[in-house]
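Overview (structure and organization)
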Amino acid sequence: HAKNEGRDNCQFYNVDLTFQAEKRMHLENDLRNALQQNEFYLVYQPQLDVAEENFQSVEALIRWQHPKQGLISPLDFIPLAEENGLIIPIGDWVLRTACTEAAQWHQRGRPLQVAVNLSPLQIKNPDFVKNVLDILAETGFPPGKLVLEITEGALMEHSENILATLLALREHHIQIALDDFGTGYSSMNYLKRLPINNIKVDQSFVRGLLDKKENLAIVRAIISLSKNLGFSITAEGIESLNQAQVLKYFGCETLQGYYFSKPITMQEMLALTDKQWRIEPLRPNGVNHES
Ligand code: C2E
Ligand code: MG
Ligand code: MG
Ligand code: MG
């Protein structure tokens, strides 16, 4: 009896796999046309400047409005685009669109900084720096207001070639942020030698910040070490006032998360730029005063 059940399950599993593979193939085909069909758009998530108490910067996040399947998450199509190389034209589109839209904010008197996520394949591309500079020239967006977000993984995998690219970007006053920090393996000792401006503490630490003493200790250590090494520090994934208050107490300079705003359209973002946020720092239980 048990043997039969096992076989049935196995068959069902195979059918499901074939279905998944087919679905994926269709998605890949659709992805090839998505740029020409104008199916991508950007949303922006504001980042609170703790000292200024308002939003000074935003992170651009790509969205795919699929004609049949509706909205598809970047978590589902960016890996696909990285496998088939489409990430290069898509990444160019993201950069160009973010700079174009942010330049419009600047013209309306809101000189927001804009952060754009990069795939490791983009930075590895020998034309990358030239592409970025061309897009900046084309859109008139000031290089000093552009932040490029890379992940630890990208740095570790291709460190030799990437160093030259990062140095060239810095020469043009373009800033670099290290995204999802704490999920990879890079040591601070290694990072201090790289031309990086900003460290983004990964959401996973923020999510459990107030539930676990270990997370409090890790986040506090990342913040103080980053600041001592001259990096500015951002926390992402903030969903509650208490998390924001504790992060402020620890000295975090920029706060990003659903508590302040979900990613929104450029129009919606304009309405939020005048809003002031007063966050009272809060010392969490069991943590000593800063010495
Ligand atoms: P990421 O760069 O770490 O972006 C932050 C993600 O966390 C975004 O998801 C954002 O919507 C979400 N988030 C922000 N605040 C909160 C919060 O308080 N709670 C929770 N639960 N989530 C929050 P999204 O937009 O789905 O993007 C997912 C990932 O896809 C990004 O992670 C990034 O790695 C990648 N991605 C997005 N846009 C692009 C792009 O234009 N190019 C590339 N290469 N990757 C992108
Ligand atoms: Mg990011
Ligand atoms: Mg992140
Ligand atoms: Mg990420």
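Before going into details, it helps to say that this report is about the structure given with it. (Residues numbered from 1 in each chain as written. Chains lettered and ligands numbered in written order. Predicted model: local features only at pLDDT ≥ 70, side-chain atom pairs only at ≥ 80, totals over all residues. Heavy atoms only, no water.)

**Quick look at the overall build of the protein**
Tallying secondary structure elements over the protein gives 12 helices and 9 strands in all. Its C-alpha atoms give the protein a radius of gyration of 21 Å, within 12% of the compact-globule value 19 Å for 291 residues. Each principal axis of the C-alpha distribution contributes one length, and for the protein these read about 65 × 55 × 40 Å. For the protein, the proportion of its 291 residues judged to be buried stands at 45%. Intrachain contacts of the protein at a sequence separation of at least 6 include 69% that bridge at least 24 residues. Surface accessibility of the protein: about 15,300 Å² in total, with carbon and sulfur atoms responsible for 50%. (Helix = DSSP H or I, 4+ residues; strand = E, 2+ residues; numbered from the N terminus. Rg over C-alpha atoms; globule rule 2.2 N^0.38 Å. Buried < 20%, exposed > 50% of the residue type's maximum accessible area, 1.4 Å probe, protein only. Contact = heavy atoms within 4.5 Å. Areas by Shrake-Rupley, 256 points an atom, 1.4 Å probe, with all protein chains shown as cover.)

**Overview of the site of ligand 1**
Near ligand 1 lie 23 residues; those nearest to it are Asn-117, Asp-179, Gln-203, Glu-239 and Tyr-258. Gln-203 is positioned such that a nitrogen or oxygen atom in its side chain is 2.5 Å from an oxygen atom of ligand 1. Interatomic distance of 2.5 Å between a side-chain N/O atom of Glu-239 and a nitrogen atom of ligand 1. In the complex, the protein chains occlude 85% of the 810 Å² of accessible area that ligand 1 would expose alone. Every element with two or more residues in the shell around ligand 1 is listed here: strand E2 (54-66), helix H2 (74-84) and strand E6 (175-181). (Near = heavy atom within 4 Å. Polar contact = N/O pair within 3.5 Å; in protein donor to acceptor, adjacent residues only side chain to side chain.)

**Here we look at H2**
Within H2 the residues assigned to the buried category are Phe-77, Leu-80 and Ala-81. One side of H2 holds all its buried residues, which, seen down the axis, span an arc of 100°. What points out from H2, more than 90 degrees from its buried face, is the exposed set Leu-75 and Glu-83. Two to three positions downstream of the cap, the backbone nitrogen of Leu-75 sits 3.0 Å from a side-chain oxygen, assigning the N-cap of H2 to Ser-73. (Arc of directions from axis to C-beta.)

**Observations regarding the coordination of the magnesium ion (ligand 3)**
Octahedral six-donor coordination of a metal ideally yields angles of 90 or 180 degrees, compared with 109.5 degrees for tetrahedral four-donor coordination. Within the protein, the magnesium ion (ligand 3) binds to Asp-179 (OD), Asp-180 (OD) and Glu-236 (OE); these donor distances fall in the range 2.0 to 2.3 Å. Of note, the donors binding the magnesium ion (ligand 3) are all from one chain and are spaced D-D-x55-E. Between the magnesium ion (ligand 3) and the magnesium ion (ligand 2), a separation of 4.1 Å is found, and both are coordinated by Asp-179. Note that Asp-180 is positioned in strand E6 and Glu-236 in strand E8 (residues 232-236), a separation of 56 residues in sequence. By relative accessible area, Asp-180 is classed as partly exposed at 28%. (Donors = N, O, S within 2.8 Å, 3.2 Å for Na, K, Ca; no water.)

All quantities given are derived from atomic positions and should not be read as evidence of function.
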